[in-house]
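These are the residues of each chain, in order.
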Amino acid sequence: GNGRGFREKFAPGAAKVDDLTVMYMQHDQQGIPLGRVGAGTLRFREEPDGLKFEADLPESRQDVREAVARRDLIAASVGFILDEDGDSWVHSRSGSVRTVRAARIIEVSLVSVPGYPDATVEG
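Per chain, residue numbering runs from 1 following the sequence as it is written. Thresholds applied to this predicted model are a pLDDT of at least 70 for local features of residues and 80 or more for the giving and counting of side-chain atom pairs; totals over whole chains, interfaces and linings are not thresholded and use all residues. Based on all heavy atoms of the structure, the side-chain values leave hydrogens and waters out of the count.

## Details of the sheet that holds strand E8 (residues 87-92)
- Judged by pairing direction, the sheet is mixed, and its three strands sit side by side in the order E1-E9-E8 without closing on themselves. The open sheet is flanked by strand E1 (6-10) and E8, the only strands paired with a single partner. The mean inter-strand angle of the sheet, taken between neighbouring strand axes irrespective of direction, is 20°.
- Strand pairing requires that DSSP identify at least two bridges connecting the strands. Helix and strand assignments come from DSSP, with helices taken as H or I runs of at least 4 residues and strands as E runs of at least 2, each series counted from the N terminus. For E8 and strand E9 (residues 95-100), the ladder comprises six bridges, and the chain directions are antiparallel. Bridge pairing in E9 places Val 90 opposite Val 97. To define axes, lines are fitted to C-alpha atoms, for helices over the stretch in contact only, and angles between the resulting N-to-C directions are given on a 0 to 180 degree scale.

Okay, here's the thing in structure tokens:
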């Protein structure tokens, strides 16, 4: 396991983004955002297999572009705030699963180590 002691998944339509949703490197909120929804440089779309995002990286961040192209950076992670009563839990002998039903995505980050193996990035 990933050390969390539970699995987490988002229900379809659970993730809400707004103009303030941004993209960072490694959840570094002190850093300059790589994109923002309100600026038109970060876009999200819901697809049958999950929430997808696309960003127009700043010209000055060739390092990020290169790391994604080389597959050194292959993962994404989201920071979110759960709505009130926005999740549900199922507990069984095989473990616990938390389903997020309503949350606001504050930021998405490109990360070296994913929290979830399916959260991947492509150039």
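## Some remarks on the confidence of the model for the protein chain
- Mean pLDDT over the protein chain: 91, with 93% of residues reaching 70 or higher.
- Known as pLDDT, the predictor's confidence for each residue is given on a scale from 0 to 100. Mean pLDDT across the secondary structure elements of the protein chain bottoms out at E1, with 88, and peaks at strand E4 (residues 35-36), with 98.

## Some remarks on the pattern of salt bridges
- Here, a salt bridge means any side-chain nitrogen of Lys or Arg that lies within 4 Å of a carboxyl oxygen of Asp or Glu. In total, this model carries nine salt bridges according to the counting rule given.
- Linking Arg 43 and Glu 54 is a salt bridge whose minimum nitrogen-to-oxygen distance equals 3.2 Å. Of the two residues, Arg 43 is situated in strand E5 (residues 42-47) and Glu 54 in strand E6 (residues 50-55); the sequence distance between them amounts to eleven residues.
- In this structure Arg 43 comes out as partly exposed when scored by relative accessible area, which is 31%. Whether a residue is buried, partly exposed or exposed follows from its accessible area with a 1.4 Å probe, protein chains only, as a fraction of its type maximum: under 20%, in between, or over 50%, in that order.

## Some thoughts on the packing of aromatic side chains
- Two aromatic rings, drawn from Phe, Tyr or Trp (for Trp, its six-membered ring), form a pair once their centres lie within 6.5 Å of each other, and the interplanar angle then sorts them: stacked below 30 degrees, edge-to-face above 60, tilted otherwise. In total, this model carries three aromatic pairs according to the counting rule given.
- With a centroid separation of 5.0 Å and an interplanar angle of 75°, the aromatic rings of Phe 10 and Phe 80 are classed as edge-to-face. Of the two residues, Phe 10 is situated in strand E1 and Phe 80 in strand E7 (residues 75-82); the sequence distance between them amounts to 70 residues.
- According to the relative accessible area criterion, Phe 10 is partly exposed, its value standing at 31%.
- With a centroid separation of 6.1 Å and an interplanar angle of 40°, the aromatic rings of Phe 44 and Phe 53 are classed as tilted.

## A word on the pairing of strand E3 (residues 22-25)
- One ladder, built from two bridges, connects E3 with E4; its direction is antiparallel. Directly across from Val 22, in E4, lies its bridge partner Arg 36.
- Note that E3 and strand E10 (residues 103-111) share four bridges and pair parallel. The residue bridging Met 25 from the neighbouring strand is Leu 110, located in E10.

## Looking at unusual backbone geometry
- With a phi angle near 70°, Arg 71 is a residue other than glycine that sits in the positive phi range.
- Following the sequence through the fold, Arg 71 ends up in the loop between helix H1 (62-69) and E7.
- Positive phi outside glycine occurs at Asp 85, with the angle close to 55°.
- Structurally, Asp 85 is set in the loop between E7 and E8.

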